[in-house]
Amino acid sequence: FQGTHAIEREVLNVIAVDIFKAEPESFDGYIASGGTEANIQALWVYRNFFINKCAAKHDEIVIVASEDTHYSIPKGSNLLLLDWLKIPVDFETRSIDEVVFEQKIITARNHGKKFFILVANMGTTMFGSVDNPASLIAVMDKHKLPFKLHIDAAYGGFVYPFTNSESTITFKNQNISSITIDAHKMLQAPYGTGIFICRKGLIDNVLTREA
């Protein structure tokens, strides 16, 4: 299926390089069944990364996302046997409460959580709100906590980068490790066109030897 593979590589390159500013050949990815699978793929990659590279135990890893995050995140939490730390948002702006975020991170650390999988939204399904990854990163750096940051752009990824030319939610930010974007939403492609993109080498953590 060389022709199909070539088309997939071209699509991934357009999205990773042209839209999200990755360097050529610096990423891995694939076309998924949808945004749900792509988000769960990110959680799976980072769970295994922390287990493989940091000798983490399951109960030392936690997913952190806002209360407005897509249902694929609690679904992934259930599938991967990881706790989900739900962060409240401002009622009007739907932005993450940064003070509560820091408090919950500190509490989680004090209860034995050592490795954090952060999920930031680029357009929530219900409100279209966009999280500010910089504020989340600042808290993690302040407390010197290891983390991986995934951007769920399934809903807004084909809108926000084109309407905000100053967006910093791209692979130019070295703290962003992966992005989900979903063509069957705003791009109106057929179902089965979720897209997962991550930095080169991370996806190795979920390659199955038996396969």
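Look up: the structure comes first, before these words.
In short, a report on the structure.

Rules of the game
- Residues numbered from 1 in each chain as written.
- Predicted model: local features only at pLDDT ≥ 70, side-chain atom pairs only at ≥ 80, totals over all residues.
- Heavy atoms only, no water.
- Salt bridge = Lys/Arg side-chain N within 4 Å of Asp/Glu carboxyl O.
- Helix = DSSP H or I, 4+ residues; strand = E, 2+ residues; numbered from the N terminus.
- Buried < 20%, exposed > 50% of the residue type's maximum accessible area, 1.4 Å probe, protein only.
- Expected span 1.5 Å × (residues − 1).
- Contact = heavy atoms within 4.5 Å.
- Polar contact = N/O pair within 3.5 Å; in protein donor to acceptor, adjacent residues only side chain to side chain.
- Arc of directions from axis to C-beta.

## Here's the deal with the pattern of salt bridges
Going through the model one piece at a time under the given rule, you end up with six salt bridges. The partner of Asp 83 in a salt bridge is Lys 113, and the shortest N-O contact between them spans 2.7 Å. Linking Asp 83 in strand E3 (residues 83-87) with Lys 113 in the loop between helix H4 (98-110) and strand E4 (115-121), this pair joins segments that are 30 residues apart in sequence. Between Glu 102 and Lys 142 there is a salt bridge; the shortest N-O distance is 2.8 Å. Pair noted here: Glu 102 is in helix H4 and Lys 142 is in helix H5 (residues 133-142), with a separation of 40 residues, a long-range link. A relative accessible area of 57% places Lys 142 in the exposed class.

## Brief notes about H4
The end-to-end C-alpha distance of H4, which contains 13 residues, comes to 18 Å, matching closely the 18 Å that a straight helix rising 1.5 Å per residue would cover. Summarising the contacts, the buried residues of H4 are in contact with strand E2 (61-66), E3, E4 and H5. Put simply, Asp 97 is the residue that caps the front of H4, since its side-chain oxygen is 3.1 Å from the backbone nitrogen of Val 99. Among the residues trailing H4, Gly 112 stands out with phi positive, at a value near 100°.

## Here we look at helix H3 (residues 72-80)
Residues of H3 that are buried include every one of Ser 72, Ile 73, Gly 76, Ser 77 and Leu 80, and no others. Projection of H3 onto a plane perpendicular to its axis shows the buried side chains occupying an angular sector of 145°, all on one side. Those residues of H3 hidden inside the fold are in contact with helix H2 (35-54), E2, E3 and E4. Immediately beyond the C-terminal end of H3, within one or two residues, lies Leu 81, with a positive phi of roughly 60°.

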